[in-house]
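Tertiary structure, described
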Amino acid sequence: MDYQKLAEMLFPNNKMTVEEIEKKYPKRDLPKGGEVTRFAPSPTGFMHLGGFYQAIIDFNLAKRTGGVFYLRIEDTDKKREVTGASEIVMDVLGRYGMTPDEYQLKGGVTVGDYGPYYQTERAEIYHAYAKKLVAEGKAFPCFCKKTEGLADVQEKREKNFSLGKIEEKDPCRNLTLEQIEENLKAGKKFAIRLKSAGDGTKKIKLNDGAKGVIEIQENAKDAILLKDDLMPTYHFAHAVDDTLMGTTVVVRGEEWLPSYPLHVEIFAALNRPQPKYIHTPLLYKFNENGNKIKLSKRKHPEADMRFFQNEGYPTEALVEYLLNLINSNFETWRKQNPTADLMEFPFNAFKITANTPIFDLMKLNDISKESISHYSAEKCYENLLFWAKENSPENVEYLEKQREFVTKILNIDREKPKPRKDIFKWSMFFDLFDYMFGAPKTFEVEESERKAYENVIRAYKKYLTLSSKEAWFENVKKMAAELGYATDNAEYKKNPQAFLGNTAKVCEYIRVAITGRKNSPDLFEIMTLLGEKEVQRRLSLIA
Ligand code: GLU
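Residues numbered from 1 in each chain as written. Predicted model: local features only at pLDDT ≥ 70, side-chain atom pairs only at ≥ 80, totals over all residues. Heavy atoms only, no water.

**Points about the overall build of the protein chain**
Filter applied, for reference: In this text, helices come from DSSP runs of H or I with a minimum length of four residues, and strands from runs of E with a minimum of two, each type numbered from the N-terminal end. Only C-alpha atoms enter the radius of gyration; for comparison, a globular chain is expected to reach 2.2 Å times N to the power 0.38, where N is the number of residues. A simple rule labels every residue: compare its accessible area, found with a 1.4 Å probe on the protein chains alone, to the largest value its type can have, and call it buried under 20%, exposed over 50%, or partly exposed in between. Contacts between residues were defined by any pair of non-hydrogen atoms, one from each residue, lying within 4.5 Å. Areas reported here follow the Shrake-Rupley algorithm with a probe of radius 1.4 Å; residue values treat only the protein chains shown as occluding. Only four residue types enter the charge count, namely Lys and Arg as positive and Asp and Glu as negative; His and the chain termini do not. In this description, the location of a charge corresponds to atom NZ of lysine, CZ of arginine, CG of aspartate or CD of glutamate.
Counting its regular elements, the protein chain contains 23 helices and 13 strands. At 33 Å, the protein chain has a C-alpha radius of gyration far larger than the 24 Å of a compact globule built from 543 residues. The principal-axis extent of the C-alpha atoms belonging to the protein chain is close to 110 × 45 × 45 Å. When burial is assessed residue by residue, the protein chain has 51% of its 543 residues classed as buried. Residue pairs at least 24 apart in sequence account for 72% of intrachain contacts in the protein chain once pairs closer than 6 positions are excluded. Here the protein chain has roughly 26,400 Å² of accessible surface; of this, 51% comes from carbon and sulfur atoms. Of the charged side chains in the protein chain, 83 are positive and 81 negative, and the gap between their average positions amounts to 2 Å.

**Focus: the packing of aromatic side chains**
Formally: In this analysis, rings of Phe, Tyr and Trp, with Trp reduced to its six-membered ring, are considered paired at centre separations within 6.5 Å, and the interplanar angle assigns stacked below 30 degrees, edge-to-face beyond 60, and tilted for intermediate values. Put simply, a charge is over a ring when the Lys NZ or the Arg CZ is close to the ring centre, within 6 Å, and near the line of the ring normal, within 35 degrees.
Under the criterion given, the structure shown has 29 aromatic pairs. Here Phe 308 and Tyr 313 contribute two aromatic rings whose centre-to-centre distance is 5.9 Å and whose plane-to-plane angle is 65°, an arrangement assigned as edge-to-face. Summarising the burial analysis for this pair, Phe 308 and Tyr 313 share the class buried. Aromatic side chains Phe 330 and Phe 345 sit 4.8 Å apart centroid to centroid with 70° between the ring planes, which places their arrangement in the edge-to-face category. Of this pair, Phe 330 sits in helix H12 (residues 330–336) while Phe 345 sits in the loop between H12 and helix H13 (361–373), placing them 15 residues apart in sequence. Of the two residues examined, Phe 330 and Phe 345, each falls in the buried class. One aromatic cluster is present, built from ring pairs that chain together Tyr 398, Phe 405, Phe 429, Phe 430, Phe 433, Tyr 435 and Phe 437. Its end group placed over the ring of Tyr 114, Arg 28 keeps NZ or CZ at 3.9 Å from the ring centre.

**Structural notes on the nonpolar core**
Stated precisely, the cut-off is as follows: In this text, buried Ala, Val, Leu, Ile, Met, Phe, Trp, Tyr and Cys residues form a nonpolar core when linked through side-chain atoms within 4.5 Å.
Among the nonpolar cores identified, the biggest contains 109 residues, and Phe 52, Phe 308, Leu 318, Phe 359, Tyr 460, Ile 510 and Met 527 are the most heavily contacted of them. A total of nine residues in this core trace back to one element, the largest contributor, which is helix H3 (residues 49–63). Those residues in contact with Phe 308 that lie beyond four places of it in its chain are Leu 49, Tyr 96, Glu 302, Tyr 313, Leu 318, Phe 359, Leu 361 and Leu 364. Phe 11, Val 36, Tyr 126 and Ala 128 belong to the second-largest nonpolar core, a separate cluster that totals 54 residues.

**Quick word on helix H1 (residues 3–10)**
The cut-off we apply is this: Directions pointing from the helix axis toward each C-beta atom define the arc. Side-chain atoms alone can form a polar contact between residues adjacent in sequence; in general such a contact is a pair of N or O atoms within 3.5 Å, and within protein one must be able to donate a hydrogen while the other accepts it.
Residues of H1 that are buried include every one of Leu 6, Ala 7, Met 9 and Leu 10, and no others. The buried residues of H1 occupy an angular sector of 160° when the element is viewed end-on, so they sit on one face. Contacts from the buried residues of H1 go to helix H5 (123–135), strand E5 (139–142), helix H7 (177–185) and strand E6 (191–194). Taking the backbone nitrogen of Gln 4 as reference, a side-chain oxygen 3.2 Å away marks Asp 2 as the first, capping residue of H1.

**Looking at the site of the ligand**
Going by this rule: To be near a molecule or strand, a residue needs just one of its heavy atoms within 4 Å of it. Three categories are distinguished: nonpolar for Ala, Val, Leu, Ile, Met, Phe, Trp, Tyr, Cys and Pro, charged for Asp, Glu, Lys and Arg, and polar for the others, with Gly belonging to the last.
Near the ligand, the surroundings consist of Arg 38, Ala 40, Ser 42, Glu 74, Tyr 234, Val 251, Arg 252 and Trp 256. Within the contact set of the ligand, a nitrogen atom lies 2.7 Å away from a side-chain nitrogen or oxygen of Glu 74. For the ligand, an oxygen atom lies 2.5 Å from a polar atom in the side chain of Tyr 234. Relative to its unbound accessible surface of 290 Å², the ligand loses 82% to contact with the protein. Of the residues assigned to the shell around the ligand, the class counts are four nonpolar, one polar and three charged.

**Notes on the packing of H1 against H7**
Each pair of packed helices can be summarised by the angle the axes make with each other and by the distance between the axes. To be explicit about the condition: Fitted lines through C-alpha atoms give the axes, limited to the stretch in contact for helices. The angle between two N-to-C directions lies from 0 to 180 degrees. Oblique is the label for any angle not covered by the other classes, which are roughly parallel (under 35 degrees), roughly antiparallel (over 145) and roughly perpendicular (65 to 115).
At their nearest, the axes of H1 and H7 sit 11 Å apart, and the two run at 5° to each other. As judged from the angle between their axes, H1 and H7 are roughly parallel. Residues Lys 5, Leu 6, Met 9 and Leu 10 of H1 form the contact with H7, whose participating residues are Leu 177, Ile 180, Glu 181 and Leu 184. For the contact of H1 with H7, the per-class residue count stands at six nonpolar, no polar and two charged.

**Structural notes on the pattern of salt bridges**
Threshold: Basic side-chain nitrogens of Lys or Arg form a salt bridge, by our definition, when they fall within 4 Å of a carboxyl oxygen of Asp or Glu.
Tallying each qualifying case throughout the model produces 39 salt bridges. The shortest N-O distance in the salt bridge between Asp 413 and Lys 416 comes to 2.6 Å. Judged by its relative accessible area of 35%, Lys 416 falls in the partly exposed class. One salt bridge in this structure joins Glu 454 and Arg 450, with 3.8 Å as the shortest N-O distance. With a gap of four residues between them, Glu 454 and Arg 450 both fall in helix H18 (residues 450–463), about one helical turn apart. For Glu 454, a relative accessible area of 21% translates into the label partly exposed. For Arg 450, a relative accessible area of 28% corresponds to the partly exposed category.

**Topic: helix H14 (residues 377–391)**
Let me state the cut-off plainly: An expected span of 1.5 Å times one less than the residue number is assigned to each helix.
Relative to the 21 Å expected for 15 residues at 1.5 Å per residue, H14 spans 21 Å between its end C-alpha atoms, a close match to the ideal helical length. Every buried residue belonging to H14 is among Ala 377, Cys 380, Tyr 381, Leu 384, Leu 385, Trp 387 and Ala 388, and all of these are buried. One side of H14 holds all its buried residues, which, seen down the axis, span an arc of 165°. Buried-residue contacts for H14 involve helix H10 (306–311), H13, helix H15 (396–401), helix H16 (403–411) and helix H17 (429–432).

**Quick notes on the sheet that holds strand E9 (residues 224–226)**
Worth spelling out the cut-off: Should DSSP find at least two bridges between two strands, the strands are regarded as paired.
One open sheet holds the three strands; their spatial order is E5-E6-E9, and the pairing between them is antiparallel. Edge positions in the sheet fall to E5 and E9, since each has one partner strand and no second. With direction set aside, neighbouring strand axes in the sheet form an average angle of 40°.

**Some thoughts on the pairing of strand E11 (residues 276–280)**
Residues in a regular strand point their side chains to alternate faces of the sheet. Formally: A clockwise path from the first strand over the helix to the second, with the strands pointing away from the viewer, defines a right-handed crossover.
Along E11, four of the five residues are buried, which leaves the element largely enclosed by surrounding structure. Judged from the five bridges that link them, strand E10 (residues 249–253) and E11 form a sheet pairing that is parallel. Bridge assignment links Val 251 to a residue of E11, and that residue is Ile 278. Note that the unit made of E10, helix H9 (residues 260–270) and E11 has a crossover that is right-handed.

As structure tokens, then:
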């Protein structure tokens, strides 16, 4: 077979050669050890938390080694195409301080010399490489329709795997130049498939960054490189792009692990070195029954990165939580360095926890509470306002007009050795502090205590003072004693029957009257912010 002639017949219009293309993609000038990573999502219209998890690894790996982190949009599957794919991803990455060094915005700016960064704009490049493989006898045209023949052949081949190479039985593999010419003349569409030289009975070894050394069956399939619309498959495009763009480490989901042997063969056919691989585990969560289930966009809102934005989680809390899931030594490091910047953590991309990571919102909430507890009230306010502008426009005017009041609310119990840890997302602010914006509508009082509660509140109207915290508390105690409540706790414990309760009970009743709740931040601070008039009004509403 004259493969050169075959290549010309299949790609008569392809002008650029692989050599010419490769001149445009020179070796990157990087410091020693500098890793080049890429985030390469298919455009789906949203960003999955699992993708973000991978992007964190990519970003950290590149940034900590003086390398490059770039964004490539893998949009060759027309059925899944969504416009503005890179904008969606860039928006998410930007919010988390992980803007890629190289990227392309649809129809607009391109930053970086290794583009285009949209695969659909690289068709000519893939064709040149496919043409080269055909010319070298390593790939062949396949005229089988997707639905007929091909599936059949694949199936047979799989059944005969133990026989090793059975490609001779493939109808397209052995077409003559004349038959191919005839097909082309008849206007038949063709795909380009790899002429596998592999042996399905052999095993190859992969040294995976996350999973260690794995043995997998060698590839023996004549996998499709270009589909019959002449767009590349993931397998081929990834090999071509990661070669040209100089990727040194591929971080991708473990669902790609089974096709790794095929990728070995494609790189070998291209005669180009293969990057290192880190196959990341899928994210799971626990369902109501305590079983592990895959995090899915259809069932779990937190699978979509918009969830965290809408709910108003601080960005560093989510990154921190994911770093926890990525590197198992993160938690110990954080305990030793409670306020250190995340970039100070000795991240190790090759020590990724190989176990199934379980994404637990409660854990994120705890990390987030901790994170926010270190904010100043002003920083809280700015974050709250930013969240409201995007997600709760009806509250923006109020927040802007009441900046001082809102900041003071956010400052209750904050500047203390043990600052409060109640807020974990900005969307909870108005519910958490509903009593700061109007008298409560429900009250946490036991029916059996209602009488006692009302008696205390009625009496308290005469004792209310907010002149100082000391004076306020002295008056509460004075009233407590007069009403028959113990002000000395040791005495109360010795002889509880002698009293109606203790001062703590009296404070609880006052707290409930003002906030509706048995638990709240510092009551005196709350009352001071509300003002004496409003506090009196609320007491009068009760008794
Ligand atoms: N487009 C592929 C995906 O979304 C990328 C896999 C890779 O990073 O190589 O799964």
